[in-house]
Amino acid sequence: MKKHQTLKTRLDTARAGVMPLAGYELTGRITGVAGLAAEIRGLASHVTIGNRLQLQRRDGGGVAGEVIGFRAGNGTVMAFGSLEGLGPGSPAICRGVLPAGAVPRPANGSALHVSDGWLGRVIDPLGQPLDGHGPLPAGTRPCLVRPAPLAPTRRARLGERIDLGVRAMNLFVTCRRGQRLGLFAGSGIGKSTLLAMLARHVDCDVAVIALVGERGREVREFIESDLGAAGLARSVVVVATSDTSPVMRREAAYTAMAVAEHFRDRGQSVLMLMDSVTRFCLALREIGLSAGEPPATRGYPPSVFAELPRLLERAGPGEETPGRPAGHISAIFTVLVEGDDHNEPVADAVRGILDGHVVLDRRIAERGRYPAIDVLRSLSRTMPGCNSDAENDVIRRARAILALNEEVADLVRLGAYRAGGDKAVDEAIRIAPGIDALLGQAIGERAAFADCFARLAAALEAPAA
C-alpha cells in the first residue's frame, strides 16, 4: 500500500509539472478530405468536440480547424479557411490540450480578451481586426465564447421601456431593455437599412453588430454609409462574409454574443444586432451534414434546432449582483424568410424562442414606405405592460382603424363601397392614410417616444373633409 501511494504521489507530481508547460503539442495526420471536412487520425483520444487544430498544408502554410465529430476512431475537422493544399498525410497539430485523463484546459480560441478599446472596431470571428487600424487592445478578463448558461432564477427581470428611435417600432412594437425581437423579412425589403437605423438611434451604451454570411461588397457600404461614423463609434462589428467557411460564419454569432456579454456584465445596456439567424442556421446545416448528421426538416439536421436556443437565450438581462445594476442585452435577430414564407422551419423556431417579432412586408416596400413594417402582423410580448393606459388606448384605436381599412381596401378600389354606408369604415378610410404616412421614416431621422405618441394621437383626430 505504501509503495502504491508513493507511485501515485510521483505521478501527481509529474502531472503537476507537465500541466503548466507552454507549447504542448499533439500531432495527428489527415487520412482523408471530403467535401468541407477532413478526417484526422491519431488525436481522437486526446481531443474533444470544439477543440482547435492547426492543419498544415503541403506548401508549408496552415489553416485553423475545429473538431466537429468522431467517426470510426478518427476525428472530423472543419477548417476555418480553404481546404486547398491539404491531403492524406498532412499534419494536424493540436496545441494546449492535455492527454486523456488529465484536467482539460480551455480549447484554443475559446476565450476573447474584450476591452473598451474594441469600440469602433471591425473584427473577424476569431477576434482579429479587419479594419486596418492595428491590433486590438486586450482586456484583463477572458470572456468565454461559449459560457455556461446563466441560472434562470438569478437573472434580472426586463428593464424599463427602451427608445428604439424608429416610430413604427416605438408605437406598435414597444420594447423593454433586455427584450429579444426577431426581424422577419424576405430579400431586398430593407432589413439592413432598418438595422442601421436601430444601430444609430436606439438608446443604449454599446451596440454589437454581427454580420453573418453578409455579401462582401456590402460590408464597407453598411459600415460607412448606413451605420456612419457616429454609429460605429459606439459599436463593435463582427464580420464573416458569405465566402468564408461554415465554422467562421457560425463563430461570428458566438463571438458577437461574447462581446455583448462582456459589456452587459459591466452593468451596461447593450444592443445586439445580428444579420442573420438564417445564415447562421445554414452554416450549422453545412457543419452538421459534414459531421454525418441525417437531414430532417427541409434539409436541416436536428442539431440546428438544438443550437438555436443556446445562442438566442444568451441575450437578455444579466445576473443580479448586490451593489451593481444588472446589465441588459436587448437583441434584434433578423430572419431571412425563404420565398417570403414566414412559416418555414427557421422562422417558426425563432418566433417561438424570442419575445416578439417585427414583420417587413414586400407590398409595403413596393408602395415606397420605409421602413416597410407591417404593424398589424408585428408583436411585442411586453406590450401593453410597458406603456401607460392612455398610450395603450391610442395604439388599440390605431390598430383597429388600420385593420378595418385593410379589410375594405379591395372594396374601395373596385368602387363597391360608397361613402356614408358605414361610419366606422368612413373613419378608417379617412384616417388610415395619415397613420401610414406617419410610419414612414428616413434613415437619418430619429423619433423619440413622446413625439411618436403625440403625432399618432393627432393623426387619429384628423378632421373630416
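Residues numbered from 1 in each chain as written. Predicted model: local features only at pLDDT ≥ 70, side-chain atom pairs only at ≥ 80, totals over all residues. Heavy atoms only, no water.

**Student:** Let's hear about helix H5 (residues 246–264): which residues, and what values?
**Tutor:** One turn of the α-helix equals 3.6 residues, which is why residues spaced by three or four share an orientation. Spanning 19 residues, H5 covers 28 Å between terminal C-alpha atoms, matching the ideal 27 Å at 1.5 Å per step. The buried count for H5 comes to 19 of 19 residues, which makes it a mostly enclosed element. (Helix = DSSP H or I, 4+ residues; strand = E, 2+ residues; numbered from the N terminus. Expected span 1.5 Å × (residues − 1). Buried < 20%, exposed > 50% of the residue type's maximum accessible area, 1.4 Å probe, protein only.)

**Student:** Describe the environment of Leu171, with residues and values.
**Tutor:** Considering the arrangement of structural elements, one finds Leu171 in helix H2 (residues 167–172). Here the alpha-carbon distance between Leu171 and Gly368, two residues 197 residues apart in the chain, equals 20 Å.

**Student:** I'd like a description of the pattern of salt bridges, backed by residues and values.
**Tutor:** Taken as a whole and assessed by the stated rule, the structure comprises 34 salt bridges. Residue Arg249 is joined to Glu286 by a salt bridge in which the shortest nitrogen-to-oxygen separation is 3.1 Å. Remark: Glu286 occurs in helix H6 (residues 277–290) and Arg249 occurs in helix H5; sequence separation between them is 37 residues. By relative accessible area, which is 9% here, Arg249 ends up buried. Two residues, Glu307 and Arg310, come together in a salt bridge whose shortest N-O distance is 2.8 Å. Residue Glu307 and its partner Arg310 are both found in helix H7 (residues 302–312); the two are separated by three residues, about one turn of the helix. For Arg310, a relative accessible area of 52% gives the class exposed. (Salt bridge = Lys/Arg side-chain N within 4 Å of Asp/Glu carboxyl O.)

**Student:** Go over the confidence of the model for the protein with me, naming the residues and quoting the values.
**Tutor:** Regions with low pLDDT carry predicted coordinates that are not meant to be interpreted in detail. With 93% of its residues at a pLDDT of 70 or more, the protein shows a mean pLDDT of 89. Considering only residues more than four positions removed or in separate chains, one finds that residues 99–108, a stretch of pLDDT under 50, has 17 contacts. (pLDDT = per-residue confidence, 0-100. Contact = heavy atoms within 4.5 Å.)

**Student:** Give a description of the pairing of strand S13 (residues 206–214) that names residues and reports values.
**Tutor:** Counting buried residues along S13, nine of its nine residues qualify, which places the element largely inside the surrounding structure. Two elements, S13 and strand S15 (residues 269–275), share six bridges in a ladder whose sense is parallel. Looking at the pairing, Ala210 lines up with Met274 of S15. (Pairing = 2+ DSSP bridges.)

**Student:** Quick one: what's the story with the pairing of strand S14 (residues 235–241), residue by residue and with numbers?
**Tutor:** A large share of S14 lies buried, amounting to seven of its seven residues. In S14, alternate side chains face the same way, and those of Ser235, Val237, Val239 and Thr241 on one face and Val236, Val238 and Ala240 on the other are all buried. The pairing of S13 with S14 spans seven bridges and is classified as parallel. Looking across to S14, one finds that Ile209 is bridged to Val237.

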